[in-house]
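Structural description and commentary
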Amino acid sequence: MGARDVQLAAFAFIAMIVLANAQCPALTSYSSCLPYGRTGRGFPPSNSACCDIIRKTSEKCLCDTAANNQGLADFDQLIQLPQKCGRVVPPGTYCQGKKVPGW
């Protein structure tokens, strides 16, 4: 392994650590999603502010936010938002023990 390979490997490792430790957006960032997090309210259009934040946020942050704020909205409705907003995510993903549609 040459010096350049070592530098690239070190950079990739540091980038993974930074991304893994990135802060999740504040709960207020999801305020445009709350109306859609209530059963029977439908889902946001893909060009909405809600979908914009959904597409920019990691799956872990989305799951943690939905799980930690179940009193504000319906959890089952919230975990459908990524799919409804056009997120392409790996099949078989779970959030708090529930299979996420489209994940």
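These remarks concern the structure in this document. (Residues numbered from 1 in each chain as written. Predicted model: local features only at pLDDT ≥ 70, side-chain atom pairs only at ≥ 80, totals over all residues. Heavy atoms only, no water.)

**Comments concerning the environment of D52**
- Looking at the element boundaries, D52 is found in helix α2 (residues 49-56).
- Counting along the chain gives 22 residues from D52 to Y30, while the straight-line C-alpha distance between them is 9.8 Å. (Helix = DSSP H or I, 4+ residues; strand = E, 2+ residues; numbered from the N terminus.)

**Observations concerning the nonpolar core**
- C33, I54, F75, I79, L81 and C95 are the most contacted members of the largest nonpolar core, which has 19 residues in total.
- Each residue touching C95, except ones within four places of it in the same chain, is listed here: C63, F75, I79 and V100. (Core = buried A, V, L, I, M, F, W, Y, C linked by side-chain atoms within 4.5 Å. Buried < 20%, exposed > 50% of the residue type's maximum accessible area, 1.4 Å probe, protein only. Contact = heavy atoms within 4.5 Å.)

**Describing helix α3 (residues 59-68)**
- Among all positions in α3, only C61, L62, C63, T65, A66 and A67 are buried.
- Buried residues belonging to α3 abut α2, α4 (75-78), α5 (81-84) and β1 (94-95).

**Quick notes on the state of the cysteines**
- Summed over the entire model, instances satisfying the criterion amount to 4 disulfides.
- Sulfur-sulfur distance for the disulfide between C24 and C61 comes to 1.9 Å. Residues C24 and C61 are joined through a disulfide that is left-handed, its torsion about the S-S bond being -80°. With C24 in the loop between α1 (3-20) and α2 and C61 in helix α3, this residue pair connects regions lying 37 residues apart in the sequence.
- Here C61 falls in the buried class, since its relative accessible area comes to 6%.
- In this model, C51 is linked to C85 through a disulfide, with the two sulfur atoms separated by 2.1 Å. Taking the sign of the S-S torsion, about -70° here, the bridge from C51 to C85 comes out left-handed. Highlighted residues: C51 in helix α2 and C85 in the loop between α5 and β1, separated in sequence by 34 residues.
- A residue is classified by how much of its surface remains accessible, and C85, at 2% relative accessible area, is buried.
- When the cysteines engaged in disulfides are numbered in sequence order, the protein chain pairs them as 1-5, 2-3, 4-7, 6-8. (Disulfide = S-S within 2.5 Å.)

Any link to function would need more than the numbers given here.
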